Amino acid sequence: MTPFFFGSKQQLLGMLHHARGRKAGAHRTVVICPPIGHEYIRSHWCLRLLARQLTRKGINVLRFDYRGIGDSAGTNQQTTALDQWHQDVHTAIDCACTKTGCRNVMLLGLRYGGTIASAVASQSDKVSSLVLWEPVIDPVQYLRSLRAIHKQMIDLWACRIKTLKDETHEEILGSIYNRGLLAEIENTGLDLDSIDQPQFIVDSYDRRGRYTTNEMQRFMPTDDEDSWSVLKMLETGWLRASTSRQIVLMADEMFRRLEQFEQLGPYSVGPLDSPSPMMPVSTDAFAPASRAVN
Amino acid sequence: MQESIIQFGPQNGLLGILTTPNESVMVAGAPIAVIINAGIVHRIGPFGLHVNLARQLASAGYRTLRLDLSGLGDSLPRTEKLGGDNRAALDVSDALEHLTTHFGADRFVMLGLCSGAFNAHHIALNDSRIVGAVFIDGIVFRTMGYFWRHTVGRLFTPRFYRNAIKRRRILKPKPYGREDAGVELLESEFFFADDIGKDKIADDLKAMLKRDVSMLFIYTDGYDDVCGRKQFREMYGIPPSDQLQVEYFEKSEHTFRVVENRNVACKRIVDWYRERYSAASCEAFEEATV
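Residues numbered from 1 in each chain as written. Chains lettered and ligands numbered in written order. Predicted model: local features only at pLDDT ≥ 70, side-chain atom pairs only at ≥ 80, totals over all residues.

Peer 1: Run through the sheet that holds strand 3 (residues 29–33) of chain A, naming residues and quoting values.
Peer 2: Residue and element names in this part refer to chain A. Reading across from one edge, 1-2-4-3-5-6-9-10 is the order of the 8 strands in this open sheet, with mixed pairing throughout. Each of the sheet's edge strands pairs with one partner strand only, and the pair in question is strand 1 (2–6) and strand 10 (217–222). Strand-to-strand twist of the sheet, defined as the mean angle between neighbouring strand axes without regard to direction, takes the value 20 degrees. Looking at chain direction, strand 9 (residues 199–204) and strand 10 are connected through 6 bridges and run parallel. Across the sheet, the residue bridging to S204 is T222, located in strand 10. Relative to strand 4 (residues 60–64), helix 1 (residues 38–55) is tilted by about 165 degrees, and along the sheet it contacts strand 2 (12–17), strand 3, strand 4 and strand 5 (105–110). (Pairing = 2+ DSSP bridges. Helix = DSSP H or I, 4+ residues; strand = E, 2+ residues; numbered from the N terminus. Axes fitted to C-alpha atoms, helices over the stretch in contact; angles between N-to-C directions. Contact = placed C-beta atoms within 7 Å.)

Peer 1: How would you summarise unusual backbone geometry if you had to cite specific residues and measurements?
Peer 2: Residues and elements named next belong to chain A. With a phi close to 55 degrees, K9 is a non-glycine residue in the positive phi region. Its 11 C-beta neighbours within 10 Å are what place K9 among the exposed residues. Of note in the backbone geometry, Q10 takes a positive phi value of approximately 55 degrees without being a glycine. Of note, Q10 is situated in the loop between strand 1 and strand 2. (Buried ≥ 20, exposed ≤ 12 C-beta atoms within 10 Å, placed from the backbone.)

Peer 1: Before we move on, could you go through helix 4 (residues 139–155) of chain A and cite the residues and values that matter?
Peer 2: Residues and elements named next belong to chain A. A rise of 1.5 Å per residue sets the reference length of helix 4, with its 17 residues, at 24 Å; its end C-alpha atoms lie 24 Å apart and thus fit the reference within 8%. Regarding helix 4, the residues found buried are Y142, L146 and H150. Along the axis of helix 4, the buried residues cluster in a sector spanning 65 degrees; they form a single face. Exposed side chains of helix 4 directed beyond 90 degrees from the buried face belong to V140, R144 and A148. Those residues of helix 4 that are buried are in contact with strand 7 (169–172). (Expected span 1.5 Å × (residues − 1). Arc of directions from axis to C-beta.)

Peer 1: Tell me about the interface of chain B and chain A, and name the residues and values.
Peer 2: At the junction of the two partners, chain B supplies 34 residues and chain A supplies 39 residues. At the level of elements, strand 1 (2–8), strand 2 (14–20), helix 5 (158–170) and helix 6 (178–187) of chain B are the ones that each hand at least two residues to the side of chain B that touches chain A. Of the residues in the side of chain B that touches chain A, the class split is 16 nonpolar, 6 polar and 12 charged. Pairing analysis gives 3 bridges linking strand 11 (residues 290–292) of chain A to strand 1 of chain B, with the strands arranged antiparallel. Directly across from R291(A), in strand 1 of chain B, lies its bridge partner E3(B). (Nonpolar A, V, L, I, M, F, W, Y, C, P; charged D, E, K, R; others polar.)

Peer 1: Describe the sheet that holds strand 11 of chain A, and please don't skip the residues or the numbers.
Peer 2: In spatial order, the strands read 11(A)-1(B)-2(B)-4(B)-3(B)-5(B)-6(B)-7(B)-8(B); together these 9 strands make up an open sheet with mixed pairing. This sheet does not close on itself; its edge strands, each paired only once, are strand 11 of chain A together with strand 8 (244–249) of chain B. Each neighbouring strand pair of the sheet contributes to a mean axis angle of 15 degrees, computed without reference to strand direction.

Peer 1: Give a detailed account of helix 3 (residues 115–126) of chain B, specifying residues and quantitative values.
Peer 2: Residues and elements named next belong to chain B. Here helix 3 contains 12 residues, and its C-alpha end-to-end distance of 17 Å stays within 8% of the 16 Å for a straight helix at 1.5 Å per residue. For helix 3, the tally of buried residues reaches 9 of 12 residues, placing the bulk of the element in the interior. Taken together, the buried positions of helix 3 are S115, G116, A117, F118, N119, A120, H121, I123 and A124. For helix 3, the elements touching its buried residues are helix 2 (87–103), strand 5 (108–113), strand 6 (130–136) and helix 7 (198–210).

Peer 1: Outline the environment of R207(A), listing residues and values.
Peer 2: All names here are of chain A. Inspection of the secondary structure assignment puts R207 in the loop between strand 9 and strand 10. By the C-beta count within 10 Å, which is 16 here, R207 ends up partly exposed. Along the backbone, R207 and R147 are 60 residues apart, and their C-alpha atoms lie at a distance of 21 Å.

Written out as structure tokens, the structure is:
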């Protein structure tokens, strides 16, 4: 695994997990779009384990943090438009292509990361396919649920407290959001019809009715409990080991089919840093391991 | 300020983010703050507490390393056979070696929340390079004062009954998956060894005071076994002083879920750091050691 900063002013943190095994190749590259807010922290370990499992199937994986979240520069409240997060995903895709030498990538998005990934997939020709894991289908319901847990949390506090809620910002579950961003999130739902790429959707069996499967879209039902909207689980690590294993198998199968239909190659030979046996190693491609933060 | 990724330890498998202040504000000779994981949360800390703290310390002129202990966050697990050694202590020792070799630091301050405070206590006790420590909701013991203030005291608070009824209604236990149960087990505080008693901790603290280690203990109302600043003296018989400061945040939750509470805690720690390691005192220390 290679950690590095990338993007404009090196403001994003990325972790590149190198593919292993005989199937390893530049063309098999996944970019993971994590959730936002407290869900990002809950799922960090799960996504790290998933990335590691994917590398065993010969897949390069880039995990990264959006601006203002995790180790990336800035604060959440500085993000004023959804397009900034979309831009971060585009930057991550370009970075993954440069570092592994692939022509296009598979985007894997969890929760709101899935919604961001689907928006980017409809704009980019560098996305070969999509994996959406419990994506946010209805953003109005999503925000309503987050606000409801926040309200419950504050209501059950040992003493009366108030959190930031003014004309420009609102605090929800430990993160301060710009009102403009919240309005955009509310108005931007998951539009699977606008996506040309093959999609693999992983969600609860109870929500199967929300998807219309066709030859470009596959749905895998899970029996995972919805713990996102439960206050008690707010700080509990989110691990879904068996579902992760299924996703790894399906991602491997999707790459096999994309190869079969020649949707992945020929890939460019750019600057590379993966120790994959198919590619030479160049240390020049490493982005700096430090950056300035305002 | 600048943030750098550093990798160290066995096969460079441990990872941390070093936050360095701008040259213009940097306090020369000040110890580097080392923040370790709270529970299984990765190096950004619960609700990003560690990131906020590191950036605020950098604004005040101090360097901070946010560290993932082995097997947590993005650090690899240690694979060598180590018997009963405390792996957290080994990880931190590797980090300190790295900071000494590459950044010329020879004094450090440990910071940790919950299990991080537990680990920080043992590291600070045994490593003479540690000159200060901030323990947030660390090792505590219930006292008679706790019983009166918390157990009995809340019975006279209407909000206690209101919340108890609401909790029962809203948070009624639901059956949930095996995986969640596994994570709960990980989150439970089994890492606190049973054989640690008040007297042992009091002796440890006295040993650190004798070694001139500066300490700041922060407790929150959300931490189950503590109630009020007084409890510190009740537990250990040591009165708070300039060198050993105790703070109790009665509006805060254990993990600082609310931004305002998080900011208050960060400010308290930064102020403590400024007061203990001012430019003048660091200069005097450097001169004395030369």
